[in-house]
Structures are given as structure tokens and as C-alpha cells.
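Structural overview for review
These are the residues of each chain, in order.
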Amino acid sequence: MAYMKVRLLCISLVILGALCLYFSTYNLTPFKEGPFVFKKNHGNFLQLPDIDCGQNPPFLVLLVTSSQEQTVARMAIRHTWGQEKIVRGKRIKTLFLLGTTPSKDVSRAVAQESQQHRDIIQKDFLDVYFNLTLKTLMGLEWVYHFCPQAAFVMKTDSDMFVNVYYLTELLLKKNKTSRFFTGFLKRNDSPIRQKYSKWFVSKYEYPWDKYPPFCSGTGYVFSGDVASQVYNVSDSVPFLKLEDVFVGLCLAKLKIRLEELHSEQTFFPGGLRFSTCRFKKIVACHFIKPQDMLIYWHAVESSLEEECPAV
Ligand SMILES: *[C@@H]1O[C@H](CO)[C@@H](O)[C@H](O)[C@H]1NC(C)=O
Ligand SMILES: *[C@@H]1O[C@H](CO)[C@@H](O)[C@H](O)[C@H]1NC(C)=O
Ligand SMILES: *[C@@H]1O[C@H](CO)[C@@H](O)[C@H](O)[C@H]1NC(C)=O
């Protein structure tokens, strides 16, 4: 009798254990309610830039995320590194990525700005920080549909200084024209789980402990084919509001490896103190105010032919 009781107890314990194990793994299974997935071809473009890539393919298209109100920053960029120009015989074109705002006045101003400058790409999504992934994907969708001829694309922000001269020089030197992706590499980042951080990501949004390799969203550069390929897989990768990590997930799926553009650091997501000689040998620097942009750009551009002391 006692033996039977022990046996029964053992069996119950095993079943209980199995149930525990089942429910614990069940809870850990990512996206059990189905991941939120980006929908391709969602809505029309509200504003399109004036550029015919088929007729006159650009070497480099710079896609700049900026918010509705950053008119001054956009003007500073148009007057500096965003000016359409030919560098080493290669055409470079800068375009701005925008969403929409509920404010009628601001919307009207943006539509007017777009009519005037013809350099705005816009779709109908709320222009807020956590829609940055939608904004980036809009840029890639635009390349996919309207400008697959672009040899290279850079995605960057409106508070960045971009040395298009040095970038062009390095891209030509690198001579890698497909499946190429570069920027400030982050190979080993983990999700931030502190609730009050700007970059907080819950275990529900992203259950794993490590991010795939990605490049800082402040500025990354890729060959034109990558735009279409990332856009192509974007609806089969779990959506993440951190656009740079999301692009990293797409690249992992495509098995595209991130590469350094140069043996020296050229992307500065944390900023860098200005000096003319320093900025002549960088690609991108963060935290630049519009008024400084004009000063720095002028200093760099007017000293292109001058030699700098070797460091
Ligand atoms: C992003 O845009 C969509 C479409 O306009 C909107 O429904 C959503 O609330 C926005 N996301 C955030 C975080 O505000
Ligand atoms: C660039 O690479 C191609 C092959 O991918 C090669 O044929 C060409 O010579 C290279 N050009 C330079 C300037 O290195
Ligand atoms: C997009 O993906 C499909 C299938 O997954 C593939 O056949 C097609 O070539 C891809 N297109 C691009 C531009 O990568």
C-alpha cells in the first residue's frame, strides 16, 4: 500500500514538473501572440522629390531623417553637405524623410517647403521618435521603387555633419559595390531593460539578450542593392522601434556582414570637437547645431586643397 502511495506521488510530481516546464517555456516563447510585422506597400507617398534616377543615376543618395519643425536644420544641410554636387565626377543628392503631424499649419509649411526644394520624401505616419523605423523603411522603399540605380545610400540625421568628400573618396577606394554595409559598428549590444531609458525595450518586444550586429543609426552607408534587399525582407522580421537594430535584424536575415569603411574611425556618433584638419578626415559627426554646420562646412570646404600635418 505504502509502495503504491509513493509511486502515485512520484508520478504526480513528474506530471507537475512537466507541466511547469511546459508553461515556463511556453511563456518564454517569443511573440506567442504573433509578432507585429511591418506591412510593405502601406499607403502612398504624400511628397516625392524631383529626381530621375533612371536618367541620371546618383552615386550617393543621402537620406536624412528630420522632424517637421526642423526647418532650420534642413536649411543648414541644404546650404552645406546636402547641396547637390559632383565629387570626383560622382553625383551626390540629399533628400529628407518626413512623416505627418496633426498640426495644419506645420503640414502646410512642410508641403510648401517640399514644393520649393523638391527634396522631401513623405508618407502618412505620425512623425514621432518611435516611428523612426517606419521613416527609415520609407526611405528604403523609395530607393527600391524610384532609385535602385543609386550606387550607395546613406541614412543619417539632421544634427549630423557629413563629409561627403571624404565619404566619396573612401567608397571609391573600398570599391565594394554590392552587399556592402558600413558605419559605426555595434557588434555586441544588449537591449536596455531599464524602464525609463529612451531606448528601453521590453522582453515582449525583443525577448533575446543580444542584438544582432548593427550600425549606429546616426549614420550608416550601404550599397544600393542593400536598400532593396532590406526592404524586401522587412516584412518577415519582427518589428522593432529601434530602426538601427531593426535594420541589423534584416541584415542578419540576409546574411550581409557589416564592414569597416576605413582602418581609422570615421563615424562619430558621440560627437567630436571641431578642427578643420580633423573634420577633413571623418565621414560623420553627431551633435552639430545648424549655426555650427555652416561654419564647419565652410572651413572644411575652403581648405580641401590644403595639406594637414600628419598625426
Ligand atoms: C506611428 O504612426 C502611426 C500611423 O500614423 C500611428 O498610428 C502610431 O501611433 C505612431 N506611433 C507612435 C509611437 O506614436
Ligand atoms: C574594383 O573591383 C573590381 C572587381 O570587383 C575590379 O575589377 C576593379 O579593378 C577594382 N577597381 C579598383 C580601382 O580597385
Ligand atoms: C525579394 O525576395 C524574393 C523572394 O524572397 C526574391 O525572389 C527577390 O529576388 C527579392 N528581390 C530583391 C530586390 O532582393
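These numbers were taken from a predicted model, which means no experiment stands behind them.

Every residue near ligand 3 is listed here: S228, Q229 and N232. Side-chain polar atom of N232 to an oxygen atom of ligand 3: 2.3 Å apart, as the coordinates give it. Alone, ligand 3 offers 360 Å² of accessible surface; in the complex the protein occludes 29% of this.

Once that is clear, we can look at the confidence of the model for the protein. Of the residues in the protein, 88% have a pLDDT of 70 or more, and the chain-wide mean is 90. Below pLDDT 50 for its whole length, residues 19-34 participates in 11 contacts with residues either more than four positions away or in separate chains.

Across all of its chains, the model carries 16 salt bridges by this definition. We note a salt bridge from R88 to E169, for which the minimum N-O separation is 3.4 Å. With a gap of 81 residues between them, R88 in the loop between β3 (85-87) and β4 (90-100) and E169 in helix α5 (residues 164-174) connect regions that are remote in the sequence. R108 is paired through a salt bridge with D105; the nearest N and O atoms lie 3.5 Å apart. Of this pair, R108 and D105 both sit in helix α3 (residues 104-117), 3 residues apart, roughly one helical turn. For the pair shown, R108 and D105 are each scored as exposed. Among the charged side chains, a salt-bridge network with shared partners connects R74, R78, E113 and D119.

By the definition in use, this model includes 2 disulfides. Each disulfide pairs two cysteine sulfurs, and for C53 the partner residue is C147, the sulfurs being separated by 1.9 Å. On the sign convention where negative means left-handed, the S-S torsion of about -90° between C53 and C147 marks this disulfide as left-handed. Taken together, the residues span a long stretch of sequence, with C53 in the loop between β1 (45-47) and β2 (60-65) and C147 in the loop between α4 (132-146) and β6 (152-157) at a distance of 94 residues. Using a relative accessible area of 1% as the deciding quantity, one classes C53 as buried.

Between its first and last C-alpha atoms α3 spans 20 Å; for 14 residues at 1.5 Å apiece the expected length is 20 Å, and the two agree. Of the positions making up α3, those classed as buried are V110, E113 and S114. Buried residues of α3 fall within an arc of 100° about the axis and therefore sit on the same side. For α3, exposure combined with an orientation more than 90 degrees from the buried face picks out K104, D105, R108, Q112 and Q116. Lining the buried residues of α3 we find β1, α2 (71-79), β4 and β5 (120-126).

Within the secondary structure layout, Q122 lies in strand β5. Taking the relative accessible area as the measure of exposure, Q122 reaches 8% and is therefore buried. There is a polar contact of 2.8 Å between the side chain of Q122 and the backbone oxygen of G99.

Let us now look at the packing of aromatic side chains. According to the stated counting rule, one finds 19 aromatic pairs in the structure shown. Ring-pair connections join several aromatic residues into one group, and the members of that group are F161, Y165, F274, F279, Y296 and W297. One Lys or Arg, K198, reaches over the ring of Y129 and ends 4.4 Å from the middle of that ring. Over the ring of F130 we find K241, and its NZ or CZ is 4.6 Å from the ring centre.

Here is what the cut-offs are and how they apply
- Counting restarts for each chain, with residues numbered from 1 along the sequence as it is written.
- Numbering of ligands from 1 and lettering of chains from A proceed in the order in which they are written.
- Only residues with pLDDT of 70 or above have their local features reported here, since the model is predicted, and side-chain atom pairs are shown and tallied only from 80 upward, although totals for entire chains, interfaces and linings are computed over all residues.
- Heavy atoms throughout the structure, all of them, feed into the side-chain values; hydrogens and water do not.
- Definition of nearness: a residue and a molecule or strand are near each other if at least one heavy atom of the residue lies within 4 Å of the molecule or strand.
- We call two N or O atoms a polar contact when they sit within 3.5 Å, provided that within protein one can donate a hydrogen and the other can accept it, with sequence-adjacent residues counted only if both atoms are side-chain atoms.
- Surface accessibility in these figures is a Shrake-Rupley result with a 1.4 Å probe; residues are shielded only by whichever protein chains are displayed.
- Each residue gets a pLDDT score, which is the predictor's confidence in that residue and runs from 0 to 100.
- Contacts: residue pairs with any heavy atoms within 4.5 Å of one another.
- Throughout this description, the term salt bridge denotes a Lys or Arg side-chain nitrogen within 4 Å of a carboxyl oxygen of Asp or Glu.
- Note on conventions: DSSP H or I runs of at least 4 residues are helices, E runs of at least 2 residues are strands, and numbering of each starts at the N terminus.
- Note on classification: 1.4 Å probe, protein chains only; a residue is buried when its accessible area is under 20% of the maximum for its type, exposed when over 50%, partly exposed between these limits.
- Pairs of cysteine sulfur atoms within 2.5 Å are what we label disulfides.
- In a helix, the anticipated span is given by 1.5 Å times the number of residues less one.
- Summarising the geometry, the arc corresponds to the directions from the helix axis toward the C-beta atoms.
- Each pair of aromatic rings taken from Phe, Tyr and Trp, with Trp reduced to its six-membered ring, is defined by centres within 6.5 Å and is described as stacked if the planes are under 30 degrees apart, edge-to-face if over 60, and tilted in the remaining cases.
- Over a ring means this: the NZ of a Lys or the CZ of an Arg is within 6 Å of the ring centre and within 35 degrees of the ring normal.

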